[in-house]
Amino acid sequence: MKAEYIAPQKGINAFNCPNCHVYAKQQWFFMLGASDNQGYGQRYNNQDFLISSCENCSSPTIWLGDKIIFPIHSASEPPNIDLPDEIKQDYEEARTIANLSPRGAAALLRLSIQKLCAHLGQPGNNINADIKALVEAGLPPKVQQALDSVRVIGNNAVHPGEIDLKDDLETVNKLFKLVNFIANKMITEPKEIDEIYGSLPENKIEGINQRDGNNN
Ligand SMILES: [Zn+2]
């Protein structure tokens, strides 16, 4: 099962590196520049810019205030590997633009759950109706809440509404987490249980079927 993803945040000791994606210790520096004219030895010092250097890959992440300005993509958590490829692509595209356009990322994540509803056996044309049908079929309440959160916030990204996502990377990072939560509950966990159950000896499975009254 996937370990928890710790999003990069200014000043913290360790996070999932935007360069190598590994959870690793970070060393923090102010940005300092030196002129190559040694005779004059001019130095440039700007404490608004910070660099966190990753202990695992040694690559820098460059910050201006609270915002990552390099690398420009991948600051949000990677997609659940069990998501269908088409949905992974939307998710990755959302990650690529999230720093520059949280609204755009939220709209793409809404699209990705629309496709996820289709993957879960719904028509996929109307998310609201699809979630309703999934609830009637026994969808766990937390998954319903996660789906509706991405739906409502994603809708606000497209249509004028009460939620202003313009500069709200924090909310959008939570939406990435919710999409993965949904995928984990609806795809990964059932798959893992199927794998373990399928490895039980045949006579045990027969015994269970007889106990529960299904003979096929
Ligand atoms: Zn790294």
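Scroll up a little and you will see the structure.
Residues numbered from 1 in each chain as written. Predicted model: local features only at pLDDT ≥ 70, side-chain atom pairs only at ≥ 80, totals over all residues. Heavy atoms only, no water.

**Student:** Pulling in residues and values, what's your account of the overall build of the protein chain?
**Tutor:** Helices and strands together make up the secondary structure of the protein chain, namely six helices and five strands. Along the protein chain, helices and strands appear, N-terminal first, in the series β-β-β-β-β-α-α-α-α-α-α. Taken over C-alpha atoms, the radius of gyration comes to 23 Å for the protein chain, far larger than the 17 Å a tight globule of 216 residues would show. For the C-alpha atoms alone, the extent of the protein chain along its principal axes is close to 90 × 45 × 25 Å. Counting the 216 residues in the protein chain, one finds 33% classified as buried. In the protein chain, of all internal contacts separated by at least 6 residues, the share reaching a separation of at least 24 is 50%. For the protein chain, the computed accessible surface area is about 13,100 Å², with 51% contributed by carbon and sulfur atoms. Side-chain charges of the protein chain comprise 20 positive and 27 negative groups, with the mean position of each set lying 4 Å from the other. (Helix = DSSP H or I, 4+ residues; strand = E, 2+ residues; numbered from the N terminus. Rg over C-alpha atoms; globule rule 2.2 N^0.38 Å. Buried < 20%, exposed > 50% of the residue type's maximum accessible area, 1.4 Å probe, protein only. Contact = heavy atoms within 4.5 Å. Areas by Shrake-Rupley, 256 points an atom, 1.4 Å probe, with all protein chains shown as cover. Lys, Arg positive; Asp, Glu negative; His and termini not counted. Charge placed at Lys NZ, Arg CZ, Asp CG, Glu CD.)

**Student:** How would you sum up the packing of aromatic side chains? Please name residues and give values.
**Tutor:** All told, the structure shown has four aromatic pairs when counted by the stated rule. Between Trp28 and Trp63, the aromatic rings sit 5.3 Å apart at their centres with planes inclined by 50 degrees, giving tilted as the arrangement. Here Trp28 is found in strand β2 (residues 23-34), whereas its partner Trp63 is found in strand β4 (residues 60-64), with 35 residues between them in sequence. Using a relative accessible area of 23% as the deciding quantity, one classes Trp28 as partly exposed. For Trp63, a relative accessible area of 1% puts it in the buried group. An aromatic cluster of three or more residues is present, and its members are Phe15, Trp28 and Trp63. (Phe/Tyr/Trp six-rings, centres within 6.5 Å; stacked < 30°, edge-to-face > 60°.)

**Student:** Tell me about the packing of helix α1 (residues 85-97) against helix α2 (residues 102-119), and please be specific about residues and values.
**Tutor:** Taken N-terminus to C-terminus, the directions of α1 and α2 make an angle of 170 degrees; their axes are 8 Å apart at the nearest point. Regarding the angle of α1 to α2, the classification is roughly antiparallel. From α1, Glu86, Ile87, Asp90, Tyr91, Glu93, Ala94 and Ile97 reach across to α2, where they touch Gly104, Ala105, Leu108, Leu109, Leu111, Ser112, Lys115 and Leu116. Of the residues in the contact of α1 with α2, the class split is nine nonpolar, two polar and four charged. (Axes fitted to C-alpha atoms, helices over the stretch in contact; angles between N-to-C directions. Parallel < 35°, antiparallel > 145°, perpendicular 65-115°, else oblique. Nonpolar A, V, L, I, M, F, W, Y, C, P; charged D, E, K, R; others polar.)

**Student:** Please set out the nonpolar core residue by residue, giving values where relevant.
**Tutor:** In terms of nonpolar packing, the biggest core is built from 30 residues, with Leu109, Ile113, Leu147, Phe176 and Ile182 touching the most fellow members. Listed by contribution, the elements that provide at least two residues to this core are α1, α2, α3 (127-136), α4 (141-158) and α5 (169-198). Excluding residues that lie within four positions of it along the chain, Leu147 makes contacts with Ile113, Ile131, Leu134, Leu139 and Ile182. (Core = buried A, V, L, I, M, F, W, Y, C linked by side-chain atoms within 4.5 Å.)

**Student:** Which residues make up the side chain of Ser76, and what are the values?
**Tutor:** Looking at the secondary structure, you find Ser76 in the loop between β5 (67-70) and α1. Note on Ser76: relative accessible area 2%, which makes it buried. Within the local environment of Ser76, its side chain forms a polar contact with the side chain of Asn173, the two groups lying 2.9 Å apart. Setting aside anything within four residues of it in sequence, one finds Ser76 in contact with Tyr5, Arg95, Ala98, Asn173 and Phe176. (Polar contact = N/O pair within 3.5 Å; in protein donor to acceptor, adjacent residues only side chain to side chain.)

**Student:** Before we move on, could you go through the pattern of salt bridges and cite the residues and values that matter?
**Tutor:** In the structure shown here, the tally under the stated rule is 11 salt bridges. In this structure, Glu86 and Lys115 form a salt bridge, with 3.2 Å as the shortest nitrogen-oxygen distance. Residue Glu86 is located in helix α1, and its partner Lys115 is located in helix α2; the two are separated by 29 residues in the primary sequence. When salt bridges with common partners are traced through the structure, they connect Glu86, Asp90 and Lys115 into a single cluster. (Salt bridge = Lys/Arg side-chain N within 4 Å of Asp/Glu carboxyl O.)

**Student:** Run through the coordination of the zinc ion, naming residues and quoting values.
**Tutor:** The zinc ion binds to the protein through Cys17 (SG), Cys20 (SG), Cys54 (SG) and Cys57 (SG), with metal-donor distances spanning 2.3 to 2.4 Å. Here the zinc ion is ringed by four donor atoms whose angles at the metal span 106 to 114 degrees, and the overall shape comes out tetrahedral. The motif formed by the donor residues of the zinc ion, counted along the single chain, is C-x2-C-x33-C-x2-C. Residue Cys17 is located in the loop between β1 (14-16) and β2, and its partner Cys54 is located in strand β3 (residues 43-54); the two are separated by 37 residues in the primary sequence. (Donors = N, O, S within 2.8 Å, 3.2 Å for Na, K, Ca; no water. Tetrahedral: all angles 85-135°; square planar, octahedral: opposite > 155°, others 65-115°.)

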